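Coordinate analysis (summary)
Each chain is listed here by its residues.
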Amino acid sequence: MAHVVVDLDQVGGPSAARKCAHVAEAAGLGASLNAGASIGIATAAMLHLTASVPGFASANESACFLLADSVLAEPLAVIDGQLAVPDGPGLGIQVSRAKLDRYQIG
């Protein structure tokens, strides 16, 4: 099956990515999402986006494990080799104030 990778930055964000997934699905193409490296918050948002849009039916690209750390209080869960969609309130994550303070520039 032909496949497209939707790059979140190149298409203009989550709403545009969702539209791209719907177009790919209508065209009979598989789609996955690339959100690049993030400090954890964007990765959680990407997981929710891909879980809620049927057009994103295959593995999604995430470079979050290339980072030495993130600002999340707890790391994202990996289940059977895949990032799990956080299921707490909001995005399902908590940001560590101590890490934010430590990484603040200026």
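The paragraphs below set out a description of the structure included in this document. (Residues numbered from 1 in each chain as written. Predicted model: local features only at pLDDT ≥ 70, side-chain atom pairs only at ≥ 80, totals over all residues. Heavy atoms only, no water.)

This part covers the overall build of the chain. When its secondary structure is counted, the chain shows four helices and four strands. Projected onto its principal axes, the C-alpha coordinates of the chain cover approximately 45 × 30 × 25 Å. Looking at the chain as a whole, 32% of its 106 residues qualify as buried. Put simply, 71% of the contacts in the chain that link residues at least 6 apart link residues at least 24 apart. Split by element, the accessible area of the chain, about 6,600 Å² in all, is 57% carbon and sulfur. Charged side chains of the chain number 5 positive and 9 negative; the gap between the two group centres comes to 9 Å. (Helix = DSSP H or I, 4+ residues; strand = E, 2+ residues; numbered from the N terminus. Buried < 20%, exposed > 50% of the residue type's maximum accessible area, 1.4 Å probe, protein only. Contact = heavy atoms within 4.5 Å. Areas by Shrake-Rupley, 256 points an atom, 1.4 Å probe, with all protein chains shown as cover. Lys, Arg positive; Asp, Glu negative; His and termini not counted. Charge placed at Lys NZ, Arg CZ, Asp CG, Glu CD.)

Volume-wise, the largest pocket comes out at about 280 Å³. What lines the largest pocket is a set of 14 residues, and nearest its centre among them are Leu-47, Ala-59, Asn-60, Gln-82 and Leu-83. When contributions to the lining of the largest pocket are tallied by element, the ones reaching two or more residues are helix H3 (41–52) and strand E4 (82–83). If one sorts the elements of the lining of the largest pocket by residue count, H3 sits on top with four residues. Residue composition of the lining of the largest pocket, by class: eight nonpolar, six polar and no charged. Surrounding the second largest pocket, 14 residues form its lining, Cys-64, Phe-65, Ser-70, Pro-75 and Leu-76 being those nearest its centre. Residues that form the lining of the second largest pocket fall into these classes: eight nonpolar, four polar and two charged. (1 Å grid on protein atoms, 1.4 Å probe; cavity = no way out; pocket = protein on both sides within 12 Å on 5 of 7 lines; lining within 4 Å. Points joined across faces, edges and corners; volume = space filled by probe spheres on them. Nonpolar A, V, L, I, M, F, W, Y, C, P; charged D, E, K, R; others polar.)

One finds Leu-8, Ala-17, Leu-33, Leu-49 and Phe-56 to be the most contacted residues of the largest nonpolar core, which totals 16 residues. Those elements that place two or more of their residues in this core are helix H2 (14–26), strand E2 (30–34) and H3. Take this core: its biggest share by element is four residues, from H3. Here Leu-33 is in contact with Val-6, Leu-8, Ala-17, Met-46, Leu-49, Thr-50, Phe-56, Asn-60 and Glu-61, once residues within four sequence places are set aside. (Core = buried A, V, L, I, M, F, W, Y, C linked by side-chain atoms within 4.5 Å.)

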